[in-house]
Structure formats: C-alpha cells, structure tokens
Amino acid sequence: MGGLPSGTVTFLLTDIEDSSTQWEDAPAEMRRALAVHDRVVAEVIEAGAGSIIKHMGDGCWAAFQSAPAAAHAAIEIHRRLQQESPEVRDRLRVRIGLHTGDVEPTDDDYFGPVPNRSARVADLGNGNQIVCSAATAGLLPGFDLRSEGSQVLRGIGVEEVFRLRADGVESDPRPLRRATPPSNLPRMRTSILGRADEVRAAVALLGRGHRLVTLIGPGGVGKTRLAIEIGQQIATANERAVRFCTLAPVADPDAVLGSVADQIGARQQAGMDLLTSIADFVSERDLLLVFDNCEHVATAVAGIVDRLADAPGVAILATSRAALGVPGEQLLDVAPLPPDTIGVELFVSRAMQHDMTFSLTDGNETAVRDLVARVDGIPLAIEVAAARIRLMTPQELVAGLGDDALRQDESGLDPTGGVLRETVQWSYRLLSPQEASVFERLSVFAGGATLADIAAICSDGDVAAGEIPRLVLALVDQSMVVSTLEDGHRRFSLLETMRRFAADKLAVHERQERYQERHATQLLAIARRESERLFTAAEPDAWRVLDNEWDNLRVAVDTFSAAGDVERRAEIVVSLAWYATFAMRSELFTWASDLLRAPEIEEHPRFSDLCGIAALGAYLTVNGQVTELAEAGLRTNPDDPGGFCRTALAAVFLNSNFTREASDELTSAWLASRPATVGSRLWAEAFRTFHLATYGITDEARVHASATSRIATDTGSVSARSLAAWAQGMSIAAHDVDTALTIWSEGLEWLHSMPRDHLVKHLLDGLILHFTVERVDVAEALRHCRSAIREALDRHYYVGASHLFGVTAIALTRGGDAETGARLVGSMIGHGHRPRANARRTLATALGDALDVHQSAGAHLSVTQAGHIAIDALDAALEQSGAERAS
C-alpha cells in the first residue's frame, strides 16, 4: 500500500457492534455479513477519494484529505448497509468515528496522538451512529451536527464530540457509550486476593443508595487496597466518577479541608467557606469520594460527610480503624484473610515475587500454614514475612516470629493489631542499622519521594548519600518501602501503618525534629528550584515535579508554621505563587492568607508579595477583597517586587468595572517601574496590550504584543507562549479577527503539553467564544457557550464562568431568549464583572426598557445558580433551534 495522505487528514473508523457475540452464535452468517461490510466500505472510500489504511478485526480504518469527503463517506456507508437484506443489515450495526489532525504516514501506517484520538472518538458510538470530534465538526459547515457535550476519551482527556446525522439514514437514538469516568485511583501493581465478598457487599450498599460506607479494621488488614478495588469496579460498572483522597499525609485536622479540595479539584468561592465550596463543587455530580486513612482526622472527615449529605449524586467510601459516627453510616468490617486458604495463597504469591523459584511444597507447606496462622492472616504481616523468603526458609521465618512473638514494643501501631505490631517489629529488628535508620527517616515524607530527595534528607553521619540507593532497594525488597513509577520517575513511600511505626521509632531516638527540619529545608529548595524553571522550556516538567511534591510541600509549610518560622514559610509561598496562579491551585492562596494573619506581618519584607498573592487568590474565586489586598501591598512597597499586586489589580480593572484612565495609569506605571521578574514583565506587557487593544490604540498594542512574544521566545515557557498568543491576537482582532482566532488556537495547542488545567486556556477559550458568537450560526453559538460554561463549572473556575455569561447572553438573544441572557448579565454584574459592549448592545436592542428589570432579577444569583440556569436555557434554545430547522 502506498500514497497515504499527509498533512491535515481526517480519519474514518468503522466497527461492528456486538461482533464478538455474533461470531460465537452464528459464525457462518457473520462471515458473510463481514464480507458485505468490507465490500461496501471499500467501494465508498474509493469513490470518496479516501485511502484504506488497514482492516482491524471487524472494522476498517481509512484516511481522507478532506473532512467533508470523510463525512459524506460515513453517511453513505450507513445508507448502503441499511439497504441490505434484513439478515445482513441486522448484523451490521456499524459505529463510525471521525477525527481530523495533522499527521505524516510512516511505513504505510499512522502513529501518534491523532490516530489514537480517532480510535477513542469511534469508541463512543453505538451501532448506526456517526461520532466526530470537535476538530472535524468545525470543518463540516452545512452538515447536521448535534453536540453531545464533553465526553471522556479513554486515556486522553475530555473533549466535546458531535453526532453526525443525515436525512434518510437511520441514526440510533441511544446515548453515546461512555468511557470509564475519570478517576485518580492509585494504580495497583498486584491483584487483590480473597476480598470478592467484601467488594460485592460494598458495591451493593453504595448501589442501594447508602451515602456513607466505612471499611473498618485494624492496621495492615488491607482497607486501602480494598477501597481502591471497590472504586475501580464502581467507576467501570456504574459510569460514575471516582475521586480518591488520601488523608494519611495530613497531620493537622485543620488542613483536611484544603487537602480534600485540592485532591478533588474544588476551589474556594466568593461568599463561601471552604467546606461550603466543596459542597458546591460536588452538588451536581454523580461522584464517589474515597476518603482513605481517616482515623487520625475522623472528626474533620465526619464534618465533611455531614455537610455533603444534601448532594444527591455523591456517595462516600471511607477507610478507618473506627467508625466515623455519622448518622446513616454503614460499617463493613474488613477481617484478616482466612489463614488456611487465602492467607497461604497470598504468602505464596508474594514470596514468588521476591524469589521466582519459590513454590509451596510438601516440605514447606506446614511451615507456611503455621506462619500465616501466627500472623492471624493479616495481609501486611504476611507480605512483610514473605519479603524475607530470599534470606530465610518458611521454617526459619516461623522460628524467628516465635522468638519475638511475646515481646512488647511501643511501636505506635494500632493496639488491636498486636500480631501486626509484632510482625513489623520483628522485620524491623532484622534490618541492618543503616537500613533501619533510613526506614525511620522516611517517615518525614508525605506522598513519597524521589531517590535524590531521600539521599538529601536521610543521609547523615551514619549513612552516606552514596549508600542510599542500595539501602532503599533493600527496604523495597523486604516490603518495608513501596516503589511506584509516576511520570517516568521512580518514587518511594511507606504504607501508613509502616510510616507511623517508623515515625515513632524516630521519635524514640529523639531525631524527629532534626529530620522534619531537613525535610522542610529540602522542600523549600525544591520550590525555589522549580520556580526558576517555570519560565523556561522545562516548565511542563516543573509542573509535574510540583504536582508530585504537593503533599510534601504542605508538610513543609506546616513544619515552618509550627516552628514560628515566618521567613521560610513566606519564601515557600512566594516561590510557588506563579505556578499556583497558572495552575489555579487554590491551597497556595490559603497559605498566603494565613500568613497575613501572623503577628507583625506588616513589617515583613514579603508582606507586599503576600498581599498580592492573596489578592490573586481572591480574584480567581470571585472575592471582592482583590482591590483591598492588592492596594495594601502596594502601599507597603510600591515597587511590587513580584508583580503580584499589579497583576491582581489589572485583572480587576481590565475584566471588571474599570475606567480607561485607571486602566491606562495602572498598566503604563507598571511598565515604567521596570518589573524585576519574568512573570511580572510578562503580565505587564500582556495587560498593556489588552488595555490598548480594548481602546483601539492598535499600533501601540502591537508593539507591546511583540514584547510579550519576545519574552515567550527568550524563555521557551509554555505559559509565556500561550499568554503571548492571547496578547498577539488581541492586538489585531479589531482588524483581522480570522488571524487572531488562528493565533489563539495555536496558543491552546501549546497548553496541551501541560499536565493539568491552565488559567490561560480559559482566557483563550473566552476570547475565541467572544469573537465567534456573532459570526457562526445560532445553533453552533449555543453549543459552544454550553460547552464552555459546563467546563468552567466542572473545573470550579467561577471567575471564568461569570465572564462567559455576557457572551452567552448574546447567543441566547440570537436563540430567542434575551430575558435569560439579561438575568445572566445581572449575575455577572453582581459579582463585579462588567459585560462587554456588544453584550450590552445586543440586550438593549432586544429588551429596550425591560433590560434593567431582567438584569435585576439575576443580581442575586450565585455563579453556580446562574451557570445551571444558563445550561438549561441553552439546551432549550438548541431544542427550539432544531425544531425550527426541522419544520
């Protein structure tokens, strides 16, 4: 095969629904039906100037140089197959997927993200459905497209997809097949053994509407592993999103809310405390929350559970050594494994991982059974013992446990888990002095650590840094330390039971404060190092490092706080500020606000920066304190060293209630102050561009847009490149909107390399929507607004949702519902955001004197309420638009 298209290619994939069952039930008939499928597909693709890449199982993969040609081919394939005889037609319910992207063929095939995305789009379809990506839909003017909203593309992310329909062709009315909803459940390296009954019981309880199921049992019994298995089954079978919140690293009950919010993606909102913000975030979701290791913060978790009782789609699975004591709680006891059956199977399985030659034999079976019985079938104790199999036979393991079984030790483990305590203590005593030292010191980490950081913190006079790899590997081999691979880097951690044991040992040796201090110092160094990499080409990797170390960073902040060390506490917050702003990581802004309550903080040299950082957090959560905080910082230090105060003020001035004079004064004075940091210079040039473009001073706007682009080129930073695209497009949009839209789209492409949601993505999405809402047909404008508001609400990015209400008002007015549009603008104004002139003009033309009445009706609406009103109104307008088109 040769001559495959290159450049911008539209892929077409077919797949026969339920083909596996049909092959089993009627192989001869299915063989004849598949031959018809292959013939029809080949003829249609050839007639449409497409190229067949290959046949895959019971489907075909083809490429077209033209998206409309691919769409016509998809429609014609369905038309012709549906005209076949009933015995063939009923076996050929074919799903078809379409996706467009830039690719080059390699060895008569295609590889990479574009074909992968094509396959995921096709996976969403049922038989007799054509599903296309947003990239393809944008190239199909005049076709009958219906948005299916944002869908999960398995292993890729979330994207809006569309159904393609045509007159005279049957389109199955079923909803799209949904991929397994996204979750952050940890990936397990080993299978779970002997817990099928508990999994079924928990799934059944949650399925019958019980809102809280708590897995209770002693330490080491496998509650966390069981909770992960339950979460995976629910996510797969029930199409329910699952969010896993590990509370083991959270030492302070007051920090539980911040940790939970960060792990589920909630952000504190205006007029709400953090608990109410979490409740608001989950209120409209079908969600299972898994709270793991609750016993040491049980009261705080109980408060969260109680507050979420009114969220109809939310269920909670908790693990704890005792009940949370919340009304309606269903308790599920997690008992040790039966020693004579599953316990033995677990020992053999784990022993074989350490020594592939091990097997259960007549010579060792009695000792293995005795060993498992002595540790009462507790999984962690079994695994700890099995890890010694390369050093000791089962008989020697039994003897070793027997010698220590009656010894008591203040280990810090669950007092009800005496056997586990004895087993861990026994294994600990078998460690070499150096191994024991490293094991104890690892307890200061939260969420794991890299080998380099372990060497920096755990090496000391008795342990050389060069010895750390060997010692950590030995601890992994003995199941005292867990090794995981995250983002291509190996990380090492302690299970919570082990961590508590190790922490108590470290405290007994009176070294806990020493290594906590070293840990905090190292994390401050990491924060400084990664902040230097933020505005460089290494920015995506810096984000990944900070994401992975966030639990450790939180512990470092707590350590500095407990020591009264305001200096280093402030430094770590300032170092992380630009990352947290672009990544919209709200917990950092809480740390800044907490620092502003420290005694005599006004005299601290970082006071101005801390005010600016807190102001940025207030802006991102639609909090009216933005101006007050930023101006307080500027009064203390007009130089605004980090640029945080002026960035917050510029966001308010240029996106809210501002005057031309105030905007001009702020942005020009900012540049005149010769900003000292890359972040400050970047935002100063970008906001100056925005101001000048807004008031039609285009020549000067282009000068500052070019300056923004130079910063982006010099740094290679993704954030800088995307923000430069924002500024460049603004500088020319008034005269060349098509080029501006292209530049903004290129800015979005840069952001695909980032590991999490990015602030500038929302800025670019909003601009694209603003400049296209009056240029596209009504249905497309309504769909785009609905998708954008859904995403903003889903991301809990309420400042973004509020800004979208103005452009949504235009779309709704075009769809015949100016009244709801005016209510949305009323909510927008109520939250301090000024709608653009075209939104005000459109509503005034449609409503006349009634505009103020309808705006006032929306002034009391929260962003959440207004957002859901907007989605309902957009759905209704789309339905009306479709009905009018059909008539």
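Note that the structure is a prediction, hence the values are computed from the model and not measured.

**Regarding unusual backbone geometry**
When glycine is set aside, most residues are seen to have a negative phi, and most peptide bonds are trans.
And then number 1: Positive phi values are uncommon outside glycine, yet Ser479 reaches one of about 60°.
And then number 2: Within the secondary structure, Ser479 sits in the loop between α19 (468-477) and β13 (482-486).
And then number 3: You will see that Met584, though not glycine, has its phi angle at about 55°, which is positive.
And then number 4: Its location among the elements puts Met584 in the loop between α25 (577-583) and α26 (586-595).

**Quick notes on the environment of Thr864**
And then number 1: Here Thr864 lies in helix α41 (residues 863-886).
And then number 2: Distance from Thr864 to Phe281, taken between C-alpha atoms, is 8.9 Å for residues 583 residues apart in sequence.
And then number 3: Sequence-distant contacts of Thr864, that is, excluding residues within four places in its chain, are made with Asp280 and Tyr798.

**Some details on the pairing of strand β1 (residues 7-16)**
And then number 1: A large share of β1 lies buried, amounting to 7 of its 10 residues.
And then number 2: As defined by bridge partners, β1 adjoins strand β3 (residues 59-64) across 6 bridges and the pair is classed as antiparallel. By the bridge assignment for β3, Thr10 is matched with Phe64.

**A few points about the sheet that holds strand β12 (residues 330-333)**
And then number 1: Pairing within the open sheet is parallel, and its 5 strands lie in the order β9-β10-β11-β8-β12. The sheet terminates laterally at β9 (241-246) and β12, the two strands that pair on one side only. Put simply, the sheet's adjacent strands are angled 20° from each other on average, direction ignored.
And then number 2: Strand direction decides the pairing type here: β9 and strand β10 (residues 287-292), joined by 6 bridges, are parallel. If you follow Val242 over to β10, its bridge partner there is Leu288.
And then number 3: Its contacts with the sheet put helix α7 (residues 196-207) on β8 (212-216), β10, β11 (314-320) and β12, and the angle it makes with β12 is roughly 175°.
And then number 4: The strands touched by helix α9 (residues 256-264) within the sheet are β9 and β10, with β9 carrying the most contacts at an inclination of about 145°.

**Looking at the packing of helix α18 (residues 451-458) against helix α21 (residues 512-534)**
And then number 1: Running from N to C, α18 and α21 point in directions that differ by 135°, and their axes come no closer than 9 Å. Comparing the axis directions of α18 and α21 gives the class oblique. Where α18 crosses over α21, the handedness of that crossing is right-handed. Contact with α18, carried on its side by Asp453, Ala456 and Ile457, involves Tyr515, Arg518, His519, Gln522 and Ile526 of α21 and no other residues of that element.
And then number 2: Residues that form the contact of α18 with α21 fall into these classes: 4 nonpolar, 2 polar and 2 charged.

**With respect to the confidence of the model for the chain**
And then number 1: Of all residues in the chain, 94% attain a pLDDT of 70 or more, and the chain-wide mean is 88.
And then number 2: Per-element confidence in the chain ranges from a low mean pLDDT of 72 for helix α1 (residues 19-25) to a high of 97 for helix α24 (residues 566-575).
And then number 3: Predicted confidence for residues 404-417 stays below pLDDT 50, and this span has 30 contacts to residues more than four positions away or in other chains.

**So, empty space enclosed by the protein**
If you roll a probe as big as a water molecule over the atoms, it shows you where there is empty space left.
And then number 1: According to the stated counting rule, one finds 3 cavities of 30 Å³ or more in the structure shown.
And then number 2: Roughly 150 Å³ of volume is contained in the largest cavity.
And then number 3: Along its surface, the largest cavity is lined by 13 residues, and Tyr619, Ala651, Trp683, Phe687 and Leu759 are the ones closest to its centre.
And then number 4: Listing elements by their share of the lining of the largest cavity, those giving two or more residues are α27 (607-620), α29 (644-655), α31 (678-694) and α35 (759-772).
And then number 5: Taken together, the residues of the lining of the largest cavity sort by class into 10 nonpolar, 3 polar and no charged.

**A few points about the pattern of salt bridges**
And then number 1: Considering all chains together, one arrives at 46 salt bridges under this definition.
And then number 2: Of the charged contacts, one joins Asp144 and Arg165 as a salt bridge, the two residues approaching to 3.8 Å between their closest N and O atoms. Pair noted here: Asp144 is in strand β6 (residues 144-153) and Arg165 is in strand β7 (residues 157-165), with a separation of 21 residues, a long-range link.
And then number 3: With a relative accessible area of 28%, Asp144 lands in the partly exposed category.
And then number 4: According to the relative accessible area criterion, Arg165 is partly exposed, its value standing at 28%.

**Let's talk about the side chain of Ser259**
And then number 1: Here Ser259 lies in helix α9.
And then number 2: When near neighbours in sequence (up to four residues on either side) are disregarded, Ser259 contacts Thr246, Val250, Arg554 and Glu587.

**Quick word on a negative patch on the surface**
And then number 1: On the surface, Asp102, Glu104, Glu746 and Glu749 cluster together into a negatively charged patch.
And then number 2: Considering the arrangement of structural elements, one finds Glu104 in the loop between β4 (94-103) and α5 (113-123).
And then number 3: Residue Glu104 is classed as exposed on the basis of its relative accessible area, which comes to 53%.

**Quick notes on the nonpolar core**
And then number 1: Ranked by size, the top nonpolar core spans 130 residues in total, and within it Ile572, Val573, Leu576, Leu588, Leu610, Ile613 and Trp744 carry the most contacts.
And then number 2: Among the elements that make up this core, the one with the highest residue count is α27 (10 residues).
And then number 3: The contact partners of Trp744, leaving out residues within four places of it in the chain, are Ala725, Trp726, Gly729, Met730, Ala733, Leu764, Leu767, Ile768 and Phe771.
And then number 4: Residues Ala367, Val368, Ile378 and Val438 belong to the second largest nonpolar core, which totals 57 residues.

**Observations regarding the packing of α24 against α27**
In helix packing, the relevant descriptors are the interaxial angle and the interaxial distance, both defined with respect to the helix axes.
And then number 1: As a packed pair, α24 and α27 sit with axes 10 Å apart at the nearest point and diverge in direction by 45°. The orientation of α24 relative to α27 falls into the category oblique. Along this stretch, α24 crosses α27, giving a crossing that reads as left-handed. Contact residues: Ala570, Val573 and Val574 in α24; Asp609, Leu610 and Ile613 in α27.
And then number 2: Split into classes, the residues belonging to the contact of α24 with α27 amount to 5 nonpolar, no polar and 1 charged.

Conventions used here
Residues numbered from 1 in each chain as written. Predicted model: local features only at pLDDT ≥ 70, side-chain atom pairs only at ≥ 80, totals over all residues. Heavy atoms only, no water. Helix = DSSP H or I, 4+ residues; strand = E, 2+ residues; numbered from the N terminus. Contact = heavy atoms within 4.5 Å. Buried < 20%, exposed > 50% of the residue type's maximum accessible area, 1.4 Å probe, protein only. Pairing = 2+ DSSP bridges. Axes fitted to C-alpha atoms, helices over the stretch in contact; angles between N-to-C directions. Parallel < 35°, antiparallel > 145°, perpendicular 65-115°, else oblique. Left-handed = near helix turned anticlockwise from the far one by under 90°. Nonpolar A, V, L, I, M, F, W, Y, C, P; charged D, E, K, R; others polar. pLDDT = per-residue confidence, 0-100. 1 Å grid on protein atoms, 1.4 Å probe; cavity = no way out; pocket = protein on both sides within 12 Å on 5 of 7 lines; lining within 4 Å. Points joined across faces, edges and corners; volume = space filled by probe spheres on them. Salt bridge = Lys/Arg side-chain N within 4 Å of Asp/Glu carboxyl O. Patch = residues over 30% accessible without salt bridge, like charges linked within 9 Å, V, L, I, M, F, W, Y side chains within 5 Å. Areas by Shrake-Rupley, 256 points an atom, 1.4 Å probe, with all protein chains shown as cover. Lys, Arg positive; Asp, Glu negative; His and termini not counted. Charge placed at Lys NZ, Arg CZ, Asp CG, Glu CD. Core = buried A, V, L, I, M, F, W, Y, C linked by side-chain atoms within 4.5 Å.

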